[in-house]
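So the chains spell out like this:
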Amino acid sequence: MTTPPDRLPAGPTRKQDPVSTPSPLRRRRLVPTLLAAVLALSALAACSDAAAPADPAASQSSDAPLPEVGDTLRLVLSRQLTSVNPHKGGSPDSQGAVVGSVYEALTSVSPSTEVVPSLATSWEQLSDLEWSFTIRTDAVFSDGTPLTADTIVWNFQQLLDPAYKGTTGAPLRKFVGSVTSPDPTTVLFHLTAPALDLPGRLWSSWIIDPTFAQGHNIDTESLGSGPYKIDSLDLENGAELSLNPYYAGPKPAFETVRYTVLASEAQRVAALQAEEADIALNVEPLSLDQFEDSDTYDTILGVGPQPLVLAINEEKAGTPLADVRVRQALNYATDKKTIITGLFHDAVEPLPGQVTFEPYQTEVEDVEAYPYDPKKAKQLLVDAGYADGITLEVDVPSGTYVSADLASQAIKAQWAEVGVELTITQTPFPAWLERQYGDSQAGADLVYIMWGGQYRDGFALFDPFTSDHIQSDVVAPEFDALVRQLQAATDKDVQADLVAQAVESYREDAHTVFLYPSPFTAAISRGVTWEPRPSRYLYAQEVGRA
Amino acid sequence: MALAHAPARLRPPDPAGLVVRLRAFRLPLSGRYVGGRVLTGLLAVWGAVTLVFFALYSTGNPALLLVAPDAPPEEAARLTALMGFDQPVPVQYLKFLQGLLTGSFPDSIRYGSDPVAVALGRLPASLELGLAGLTAGVLVGGTIGYLSATGRSAWVRRVPLSAAVGLDAIPTFFFGILATLVFAVWLGWFPATGGRGLAGVVLPALTLAVAFVPAVARVFRTALVDVLQADHVRTARAKGISHGAVVRRHVVGNSLGTTLNVVGIQAGVLLGGAVVTESIFGWPGIGQLSINAVQNRDYPLVIVCVLVISVGFVVINLLVDLLAALIEPRLRS
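Residues numbered from 1 in each chain as written. Chains lettered and ligands numbered in written order. Predicted model: local features only at pLDDT ≥ 70, side-chain atom pairs only at ≥ 80, totals over all residues. Heavy atoms only, no water.

What counts, and what does not: UniProt positions are given in the numbering used here, feature names are shortened, and annotations may be inferred rather than shown by experiment.
As recorded in an unreviewed UniProt entry, chain B goes by ABC transporter permease and comes from Cellulomonas humilata. If you open the UniProt record of chain B and go to Subcellular location (unreviewed entry), you find "Cell membrane". Its UniProt record, at the heading Sequence similarities (unreviewed entry), says of chain B: "Belongs to the binding-protein-dependent transport system permease family."

In structure tokens form, the structure reads like this:
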């Protein structure tokens with residue numbers, strides 16, 4: 001299924017402001033608003049009905065003069081940097097943005113999730129188990145060292161080494177046997193299992209200079225061939241970047257960049273109010289309301305590429321969730337639309353009964369979302385022998401997903417109507433993650449979670465929903481088998497058919513509670529241009545001057 | 001009597017009495033007293049880091065945070081073994097103790113380097129902020145305490161002290177956000193996103209000072225009121241010395257002992273207690289480092305941060321103890 005061209009921009013759209021006369025009173029009005037945001041988020045939620053809903057497709061012209069943008073681009077991240085190690089991956093709203101501004105990989109993912117060339121100018125599948133990538137010859141590290149095919153081979157040798165401390169190689173080791181370089185412009189991938197989406201899977205395998213990597217602490221020091229180099233780094237508070245003088249691509253609009261980590265919502269909102277940021281992502285939708293009349297910022301409330309679900313623990317001994325009727329009942333008992341309207345101003349649509357959704361993935365036709373039908377939910381529970389109701393626990397990672405706490409409260413209220421008592425546990429992210437990795441018997445019944453899909457039609461997207469995934473507690477043998485087949489498929493039509501079967505199977509067996517795509521929020525200075533990247537990777541080189 | 005007189009005749013001339021004074025000189029504090037305090041301090045440091053060690057290691061495995069979401073299930077075990085977290089906790093504790101004695105700790109998980117260097121690198125920023133906050137807190141608190149004890153008008157005596165006590169009820173994080181709103185967002189005087197330098201230190205120092213003002217004001221006021229009622233003050237007044245002169249010469253100095261004790265303790269708290277302030281303002285100190293290390297389960301760094309903070313706390317308290325014992329000999333027992 002192809003994506004209608006007009007749907008691509010429908011997710012994140014800049015919502016510009018009407019003309020307004022700057023007034024000293026405006027700032028004063030912001031004070032109580034922010035106070036309310038910090039102290040009483042729930043109170044704000046209650047007030048949200050009164051707020052004008054943001055239409056993600058709305059775009060108003062403004063004649064107000066553009067705000068001044070300095071020599072330094074100021075970007076706000078919402079999580080501390082874990083490191084700047086190119087082989088340790090990175091969260092998009094954290095070091096992932098910095099690393100992607102400093103390093104290059106063989107391929108890249110465009111804001112609309114298409115896989116595009118980067119260090120590799122082209123690629124070709126030579127056979128089911130062999131791929132060839134043609135390498136650019138003008139790539140140079142920021143100290144003047146040329147980046148060659150041998151450099152790339154060395155990086156993949158490290159990533160494929162089980163004893164290596166880098167972590168991004170682990171998924172590759174499942175299907176990549178070795179990487180070689182027959183000539184200076186070619187890199188060959190020898191696979192142990194077919195992977196039709198191999199180019200997409202390589203987008204985050206960043207390439208570092210081997211000599212530098214072996215002589216420096218690459219957790220805090222960097223040498224990449226990307227548009228920028230790191231001048232100063234503070235993992236807790238951000239990084240300062242300047243142009244890589246040897247960068248072969250188009251020169252970015254800003255000579256210097258400052259990434260500032262502002263981990264709390266209050267800090268991000270204060271930075272925007274003080275006009276100390278050019279772009280800030282992950283601002284709560286309810287906080288964005290106060291910038292509707294801003295002369296400085298446009299706001300975005302749109303669709304992100306990752307689905308949000310309540311992952312189900314089917315492995316727990318004696319759990320009612322082992323019964324498909326109970327799982328279906330939970331899906332019928334969830335009024336996604338009301339939550340979306342109340343919390344996300346209708347910026348997203350409920351997931352279509354599958355974790356793939358347009359415009360980021362190809363939706364499987366004829367598979368539809370579970371409608372909100374509390375009567376049917378009650379009946380299913382009665383049929384399953386739970387006429388007196390059941391009690392379940394949902395684990396929500398605190399401060400991780402937009403409005404997750406409020407959404408889970410809403411679900412609790414909705415499920416109470418059909419006799420499901422939901423206990424909400426809010427857990428700090430590390431403990432939340434560890435609980436999922438741990439014994440499923442000690443895990444929560446449900447987990448509020450967002451699964452990542454960075455590039456279009458990447459079928460690794462299905463992995464987290466299979467039974468044997470590291471964070472999964474479902475029992476879905478039929479789906480598992482289909483996913484294994486589709487990921488090993490060598491023919492795209494066959495693969496598409498398997499995808500349809502897998503999606504249908506997962507929906508019918510209700511192995512998850514389908515919610516909605518992750519909302520994507522941002523405030524962007526009108527003095528800069530930026531094609532929204534809803535995957536939340538905020539790369540400095542993609543920002544221009546208005 | 002003859003024996004008593006004999007040495008006196010042999011004694012060389014000592015017009016200034018220097019030798020007598022030297023023979024009479026004794027160290028103000030005994031080695032036993034100082035040694036006891038040092039030993040207690042070391043035990044406190046060991047206790048703190050041991051407690052933190054077991055608290056951390058009983059709550060989970062930091063290697064799991066490094067596992068890529070799309071990694072195969074065996075990746076968690078691989079990383080756990082690679083980082084040594086698969087060993088029994090007692091074994092890891094023994095290794096930790098060995099590291100504590102030799103000063104060689106495992107690398108920080110995030111920084112990939114010696115956690116001691118990482119933690120010590122943050123100490124100057126914490127000291128800078130702490131010193132600024134303490135100075136502001138002592139000056140404001142001292143002034144309020146002085147006014148509330150010596151003010152002639154009831155308004156002067158009561159209003160500033162009531163305001164200071166009111167400050168005590170405001171949580172640090174709330175005051176920090178409020179200060180950012182008013183002084184950075186609304187008035188635009190200082191940066192909202194933090195930063196070093198004079199402009200950057202004002203709001204965090206102010207926030208930190210708020211925590212000291214009430215304690216210093218109350219203690220200083222109480223001490224002043226006590227001394228104002230002392231006999232020697234009444235005598236001085238009876239001699240006709242002015243109120244101001246009495247307070248300056250005979251009251252303030254005698255009231256500083258207790259206040260110094262409180263200031264010393266607060267200074268110790270500063271090292272680890274500025275966690276919230278440093279986090280709110282993005283101040284690159286050891287408080288912010290340690291809270292982020294906890295959140296990221298960077299165990300080696302957490303333990304070293306606790307070690308540095310507890311050593312600092314103990315050293316400051318030791319100095320305060322010794323100073324207090326010097327001033328007040330009865331405390332030496």
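1. Things to note about the overall build of chain B
So the rule is basically this: Here a strand is any run of E in DSSP of at least two residues, a helix any run of H or I of at least four, and the numbering for each starts at the N terminus. Buried means the residue's accessible area, taken with a 1.4 Å probe over protein chains only, is under 20% of the maximum for its type, while exposed means over 50%, and partly exposed covers the values in between. Whether two residues are in contact is decided by their heavy atoms: any pair within 4.5 Å suffices. Surface accessibility in these figures is a Shrake-Rupley result with a 1.4 Å probe; residues are shielded only by whichever protein chains are displayed.
Scanning chain B for helices and strands turns up 14 helices and 0 strands. Each helix (α) and strand (β) of chain B, taken in turn from the N terminus, gives the series α-α-α-α-α-α-α-α-α-α-α-α-α-α. Out of the 333 residues in chain B, the part that is buried amounts to 43%. At a minimum sequence separation of 6, the contacts of chain B that also span at least 24 residues come to 72%. As presented, chain B carries roughly 17200 Å² of accessible surface, and 69% of it is formed by carbon and sulfur atoms.

2. Quick word on the interface of chain A and chain B
Note on interface size: it is often stated as the accessible area lost on association of the parts. Here is the rule: Buried area is calculated as the accessible area (1.4 Å probe) missing from two parts once they are joined, with the contributions of both summed. Whenever Lys or Arg places a side-chain nitrogen within 4 Å of a carboxyl oxygen from Asp or Glu, that contact is recorded as a salt bridge.
Taken together, the contact pairs 48 residues of chain A with 48 residues of chain B. Each partner contributes to the roughly 3800 Å² buried at the junction of chain A and chain B, and carbon and sulfur atoms together form 58% of this total. It is A:E236, A:E434 and A:I470 that lose the most area in chain A upon contact with chain B, and together they represent 15% of the buried surface on that side. Counting the contacts that link chain A with chain B gives 3 salt bridges. Between A:E236 and B:R110 there is a salt bridge, with the nearest N and O atoms lying 3.0 Å from each other.

3. Some words on the UniProt feature "transmembrane region" (unreviewed entry) in chain B
Residues and elements named next belong to chain B. Within this numbering scheme, the UniProt entry marks residues 38-57, 129-149, 161-189, 201-220 and 301-327 as carrying the feature "transmembrane region" (unreviewed entry). Structurally, residues 38-57 is divided into 100% helix and 0% strand, and its ends, taken at the C-alpha atoms, are 29 Å apart. When the span residues 129-149 is considered, its composition is 100% helix and 0% strand, and the gap between its end C-alpha atoms is 30 Å.

4. Some words on a nonpolar patch on the surface
We apply this condition: Exposure above 30% relative accessible area and the absence of a salt bridge qualify a residue for a patch, where like charges join within 9 Å and nonpolar side chains (Val, Leu, Ile, Met, Phe, Trp, Tyr) within 5 Å.
A cluster of nonpolar side chains, namely B:V38, B:L39, B:L42, B:L43 and B:W46, defines an oily patch on the protein surface of about 500 Å² accessible area. For B:L43, the location among the structural elements is in helix α3 (residues 31-57).

5. Observations regarding helix α13 (residues 429-437) of chain A
When we look at burial in α13(A), the residues that qualify are A:P430, A:W432, A:L433, A:E434, A:Q436 and A:Y437. Next to the buried residues of α13(A) lie β13 (390-398), β14 (420-428) and β15 (446-450) of chain A together with α13 (286-295) of chain B.

6. Here's the deal with the domain arrangement of chain B
Residues and elements named next belong to chain B. Keep this limit in mind: Reported domain spans reflect what an automatic or database domain assignment gives. Polar contacts, as counted here, are pairs of nitrogen or oxygen atoms within 3.5 Å of one another; within protein the pair requires one atom able to donate a hydrogen and one able to accept it, and residues that are adjacent in sequence qualify only if both atoms are side-chain atoms. Three classes are used, and their members are as follows: Ala, Val, Leu, Ile, Met, Phe, Trp, Tyr, Cys and Pro are nonpolar, Asp, Glu, Lys and Arg are charged, and the others, Gly among them, are polar.
Structurally, chain B comprises domain 1 (31-102) and domain 2 (115-328). Averaged C-alpha coordinates put domain 1 and domain 2 at centres separated by 32 Å. Across the contact, 21 residues belong to domain 1 and 15 residues belong to domain 2. Overall, the association of domain 1 and domain 2 removes approximately 1500 Å² of surface from exposure, summing both partners, and the carbon and sulfur fraction of that is 83%. At the boundary of domain 1 with domain 2, the tally comes to 0 salt bridges. On the surface where domain 1 and domain 2 come into contact, there are 1 residue pair in polar contact (both at pLDDT 80 or more). When residues of the side of domain 1 that touches domain 2 are traced back to their parent elements, those giving at least two are α3 and α5 (89-102). Ranked by residues supplied to the side of domain 1 that touches domain 2, first place goes to α3 with 13 residues. Of the residues in the side of domain 1 that touches domain 2, the class split is 16 nonpolar, 4 polar and 1 charged.

7. Examining a negative patch on the surface
The cut-off we apply is this: The charge count treats Lys and Arg as positive and Asp and Glu as negative. His and the chain ends do not count. By convention, the charge on Lys lies at NZ, on Arg at CZ, on Asp at CG and on Glu at CD.
Together, A:E365, A:D366, A:E368 and A:E504 give the surface a local cluster of negative charge. Locating A:E368 in the fold gives a position in the loop between α10 (336-344) and α11 (374-383).

8. Thoughts on the environment of A:S225
Residue and element names in this part refer to chain A. Along the chain, S225 turns up in the loop between α6 (210-215) and β8 (228-234). Linking S225 and D209, residues 16 residues apart in sequence, is a C-alpha distance of 8.7 Å. Leaving out residues up to four positions away in the same chain, S225 has contacts with V102, Y103, E104, L119, V140, F141, L147, N244 and Y247. In this structure the side chain of S225 is engaged in a polar contact, spanning 2.7 Å, whose partner is the side chain of E104.

9. So, the packing of helix α7 (residues 265-273) of chain A against helix α8 (residues 172-186) of chain B
Our working rule: Here an axis means a line fitted to C-alpha atoms, over the contact stretch when the element is a helix, while the angle between two N-to-C directions is reported on a 0 to 180 degree scale. Under this scheme an angle from 65 to 115 degrees is roughly perpendicular, one under 35 degrees roughly parallel, and one over 145 degrees roughly antiparallel; angles in between are oblique.
The geometry of α7(A) relative to α8(B) is characterised by a closest axis approach of 10 Å and an angle of 10° between their N-to-C directions. Taken together, α7(A) and α8(B) sit at an angle that is classed as roughly parallel. In this structure, α7(A) contributes A:A266, A:A270 and A:Q273 to the contact, and α8(B) contributes B:I177, B:T180, B:L181 and B:V185.

10. Quick notes on the sheet that holds β8(A)
All names here are of chain A. To be explicit about the condition: Strands are labelled as partners when DSSP assigns at least two bridges between them.
An order of β8-β9-β10-β1-β11-β16-β12-β15-β13-β14 is seen for the 10 strands of this open sheet, with the pairing classed as mixed. With partners counted over all chains shown, the strands left at the sheet margins are β8 and β14, one partner each. Ignoring which end each strand starts from, the neighbouring axes of this sheet average 20° apart. Sheet topology places β8 next to strand β9 (residues 238-243); 6 bridges connect them, and they run antiparallel. Paired with Y228 across the two strands is L243, which belongs to β9.

11. A few points about the confidence of the model for chain B
Interpreting fine coordinate detail is not advised for predicted regions of low pLDDT. All names here are of chain B. Here is the rule: Scored between 0 and 100, pLDDT is the confidence that the predictor attaches to each residue.
Here chain B averages 82 in pLDDT, while 87% of its residues score no lower than 70. Mean pLDDT across the elements of chain B ranges from a minimum in helix α1 (residues 2-10), with 49, to a maximum in helix α6 (residues 115-150), with 91. Scored below 50 in pLDDT, residues 1-8 shows 0 contacts in the model against residues more than four places distant or in partner chains. Taken together, the chains of this predicted complex give a pTM of 0.81 and an interface ipTM of 0.77.

12. Remarks on the pattern of salt bridges
Residues and elements named next belong to chain A. All told, the structure shown has 26 salt bridges over all chains when counted by the stated rule. E240 is the partner of R258 in a salt bridge, and the nearest nitrogen-oxygen pair spans 3.6 Å. Residue R258 is found in strand β10 (residues 256-261), and its partner E240 is found in strand β9; the two are separated by 18 residues along the sequence. Its relative accessible area of 35% is what places R258 among the partly exposed residues. One salt bridge connects E265 with R268, and the closest N-O pair in it is separated by 3.3 Å. Pair noted here: E265 and R268 are both in helix α7, with a separation of 3 residues, about one helical turn.

13. Some words on the nonpolar core
This is how the line gets drawn: What we call a nonpolar core is a set of buried Ala, Val, Leu, Ile, Met, Phe, Trp, Tyr and Cys residues that are connected through their side-chain atoms within 4.5 Å.
Counting 180 residues, the largest nonpolar core has A:L106, A:F156, A:F189, A:W415, A:L446, A:Y448 and A:Y516 as its most contacted members. The dominant element in this core, judged by the number of residues it contributes, is helix α14 (residues 299-327) of chain B, at 11 residues. Both of domain 1 (31-102) and domain 2 (115-328) of chain B provide at least three residues apiece to this core. Residue contacts for A:F189: discarding those within four places in its chain leaves A:L106, A:L129, A:E130, A:W131, A:F133, A:F156, A:V176, A:S178, A:V179, A:L198 and A:L202. Listed in part, the 15 residues of the second largest apolar core include A:A274, B:L181, B:V185 and B:V210.

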